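Here are the chains, one letter per residue:
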Amino acid sequence: MALERQSEALGYLRGAADKAKRRGHIPFPPAFVIASEDDDAPPPLARLIQGGRGGMVRLRLYLCITMMATKEPFDLRRPPGPNGWAQMLALDPKTGPRRVASNLKWLEENKFIDLQPQWGRPSAITLLSATGDGGVYTQPRDEGRYVGMPVEFWTRGWLLQLSPTATALLFALREALGGQSEPRYIHTAKRQRYGLSSDTWTKGRKELEAQGLLTVKREPQGDFYDFTRLRNAYQLTLERLDDSPSWS
């Protein structure tokens with residue numbers, strides 16, 4: 001990522017967060033991150049990172065739209081155009097606008113957003129249900145439990161630095177661990193509900209560890225009378241989001 005594009009993108013992200021008056025945590029419903037126990041289909045987050053280039057542009061677009069659309073009906077009446085989105089996401093100015101346009105179309109076709117054409121301006125964007133079923137978007141905080149991601153994930157540039165796999169795993173671990181401060185083991189059955197392959201989980205884990213966001217410990221599971229196995233116990237360090245990532 002060119003340093004100039006990176007710096008410019010950070011300015012746009014911070015400006016977008018300020019305009020939306022975002023503070024604290026941006027909420028996402030658990031159903032965005034994890035499938036229900038009786039659902040074999042991957043959850044929306046896993047669907048977003050599938051496909052070409054790991055879904056990088058569509059994931060970052062969707063996360064930005066969610067961060068920016070704060071009030072009912074949760075829409076952006078004056079959103080950035082393709083060039084503006086490309087600048088906000090630090091994309092190549094030659095190919096970025098085209099990638100943005102195609103991924104906005106993908107998000108609409110897959111019922112994550114609704115696009116309404118506007119004469120002489122970029123199409124207005126309305127968030128649809130984060131479950132991806134095309135329903136009306138509702139404020140996750142009003143539904144009870146939610147997965148909160150600190151606004152610094154956007155304003156400090158983590159959105160731009162973390163790969164789609166690392167971002168998806170960060171959300172998955174945020175959902176799995178909740179507010180727990182102690183390392184926790186995540187059962188295989190629950191891991192499968194996030195829709196992330198073992199390869200994706202491993203790659204994301206290594207990246208989060210390298211960035212200081214995650215610590216993985218080997219801890220025994222089972223009591224004294226049972227066969228004891230060493231399993232991975234996960235612990236997030238979300239305070240790290242207050243600082244800038246290690247850029248690459």
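Definitions and cut-offs
Think of each chain on its own: its residues are numbered from 1, step by step along the sequence as written. Given that this is a predicted model, residues contribute local features only at a pLDDT of at least 70 and side-chain atom pairs are listed and counted only at 80 or more, while totals for whole chains, interfaces and linings are drawn from all residues. Where side-chain values are given, they derive from all heavy atoms of the structure, hydrogens and water being excluded. The helix and strand labels rest on DSSP assignments: H or I over at least four residues marks a helix, E over at least two residues marks a strand, and numbering proceeds from the N terminus. Here the expected span of a helix is defined as 1.5 Å times the quantity of residues minus one. For every residue, the accessible area (1.4 Å probe, protein chains only) is compared with the maximum for its type, and the residue is labelled buried under 20%, exposed over 50%, or partly exposed between those bounds. The arc under discussion is defined with respect to the helix axis, by the directions toward the C-beta atoms. A pairing counts as a salt bridge when a side-chain nitrogen of Lys or Arg comes within 4 Å of a carboxyl oxygen of Asp or Glu.

Engineer: Just give me the short version of helix α11 (residues 198–210), but keep the residues and values in it.
Structural biologist: Here α11 is 13 residues long and its end C-alpha atoms lie 18 Å apart, about the 18 Å a rise of 1.5 Å per residue gives. By the burial criterion, the buried members of α11 are Thr200, Trp201, Gly204 and Leu208. Each buried residue of α11 lies within a common arc of 95° when the element is viewed along its axis, so the set occupies one face. Set apart from the buried face of α11 by more than 90 degrees, the exposed residues are Ser198, Lys206 and Ala210.

Engineer: Account for the pattern of salt bridges, naming residues and giving values.
Structural biologist: Within this structure, the stated rule accounts for 6 salt bridges. Its salt-bridge partner being Glu175, residue Lys190 comes within 3.9 Å of it at the nearest N-O pair. With a gap of 15 residues between them, Lys190 in helix α10 (residues 188–192) and Glu175 in helix α9 (residues 164–177) connect regions that are remote in the sequence. Two residues, Arg205 and Glu209, come together in a salt bridge whose shortest N-O distance is 3.2 Å. Here the residue Arg205 and the residue Glu209 both occupy positions in helix α11, the gap between them amounting to 4 residues, near one helical turn. The class for Glu209 is partly exposed, based on a relative accessible area of 29%. Residues participating in the shared-partner salt-bridge network are Arg145, Glu175 and Lys190.

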